[in-house]
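# Summary of the model geometry
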Amino acid sequence: RTGFCPENSEVEKIERLKECSCYAQNEGLLKTDMHGYNIVSKGIEMVADTKELVRGSCWNYIDKVYKNAGYDLKDRKTIYKGRKGSLINDISLLQPGDWIYHINHSFHGVEHSAIFMCWKDKERKIGITLSHVGQNKLRTGQFGSFDLKSVYNIIRANK
């Protein structure tokens, strides 16, 4: 596959994916490569099928998804790096499966790691991501809607 938009079988597993604009408004596939698609698929599997629990931070969870999908540290490349709290100018850089660092405007403005899945509202920079509550809690990942105007780092699988 050269792109991603949730399929019906994925939406049945993760209802939140119905909010992806490519699915809801039938806007077509979002550009990604097979590595991005592998990460998205592994994330969906870990939440919906295996319900894999991880104790630790949001970073620990995303690292686990990447490792489970076969992408160790050496298989990752930073494709964008900005200052914490800065606004990302070119959101077209974001692709499904990207590991993003952003400011969580809905929870005390803290730094947060997540996997970008799709746009809910690209114009307003609202995206659907997979992440973890962190705070050393033993939990599975969760899909949510986040304001992504403050993405300051993008890491992509690169094998």
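Refer to the preceding data block for the structure.
Reference entry: report on the structure contained in this document. (Residues numbered from 1 in each chain as written. Predicted model: local features only at pLDDT ≥ 70, side-chain atom pairs only at ≥ 80, totals over all residues. Heavy atoms only, no water.)

## A few points about the environment of His-112
Counting through the fold element by element, His-112 comes out in strand 6 (residues 110-121). A C-alpha to C-alpha distance of 10 Å links His-112 and Ile-62, two positions 50 residues apart in sequence. The residues contacting His-112, other than those within four sequence positions of it, are Cys-58, Ile-100, Tyr-101, His-102, Asn-104, Ser-131, His-132 and Phe-146. Within polar-contact distance, the side chain of His-112 engages the side chain of Ser-131 at 3.1 Å. (Helix = DSSP H or I, 4+ residues; strand = E, 2+ residues; numbered from the N terminus. Contact = heavy atoms within 4.5 Å. Polar contact = N/O pair within 3.5 Å; in protein donor to acceptor, adjacent residues only side chain to side chain.)

## What about helix 3 (residues 34-49)?
The end-to-end C-alpha distance of helix 3, which contains 16 residues, comes to 21 Å, matching closely the 22 Å that a straight helix rising 1.5 Å per residue would cover. Every buried residue of helix 3 is accounted for by His-35, Gly-36, Tyr-37, Ile-39, Val-40, Lys-42, Gly-43, Ile-44, Met-46, Val-47 and Ala-48. The backbone nitrogen of His-35 lies 3.0 Å from a side-chain oxygen of the residue at the head of helix 3, namely Asp-33. (Expected span 1.5 Å × (residues − 1). Buried < 20%, exposed > 50% of the residue type's maximum accessible area, 1.4 Å probe, protein only.)

## Digging into the environment of Val-40
As for its position among the elements, Val-40 is in helix 3. Taking C-alpha positions, Val-40 is 16 Å from Asp-72, a pair spaced 32 residues apart along the chain. Once residues within four sequence positions are removed from consideration, Val-40 is found in contact with Phe-4, Pro-96, Gly-97 and Met-117.

## Observations regarding the state of the cysteines
Applying the stated criterion across every chain yields a total of two disulfides. A sulfur-sulfur distance of 2.3 Å marks the disulfide that ties Cys-5 to Cys-22. As the torsion about the S-S bond is roughly 100 degrees, the Cys-5-Cys-22 disulfide counts as right-handed. Here Cys-22 lies in helix 2 (residues 21-24) and Cys-5 lies in the loop between strand 1 (3-4) and helix 1 (8-13), a separation of 17 residues in the sequence. (Disulfide = S-S within 2.5 Å.)

## Focus on the nonpolar core
In terms of nonpolar packing, the biggest core is built from 46 residues, with Leu-17 and Met-117 touching the most fellow members. Listed by contribution, the elements that provide at least two residues to this core are helix 3, helix 4 (58-68), strand 5 (99-104), strand 6, strand 7 (126-131), strand 9 (142-147) and strand 10 (151-157). Per element, the largest residue contribution to this core is seven residues, and it comes from helix 3. Ignoring any residue separated from it by four or fewer positions in sequence, one finds Leu-17 in contact with Pro-6, Glu-10, Val-11, Tyr-23, Ile-44, Met-117, Ile-128 and Phe-143. (Core = buried A, V, L, I, M, F, W, Y, C linked by side-chain atoms within 4.5 Å.)

## Some words on the pattern of salt bridges
Following the criterion strictly, the structure yields 13 salt bridges and no others. We note a salt bridge from Lys-18 to Glu-15, for which the minimum N-O separation is 3.6 Å. Taking the relative accessible area as the measure of exposure, Glu-15 reaches 56% and is therefore exposed. Each of the salt bridges in this network shares a partner with another, and the network as a whole consists of Arg-16, Glu-19 and Lys-120. (Salt bridge = Lys/Arg side-chain N within 4 Å of Asp/Glu carboxyl O.)

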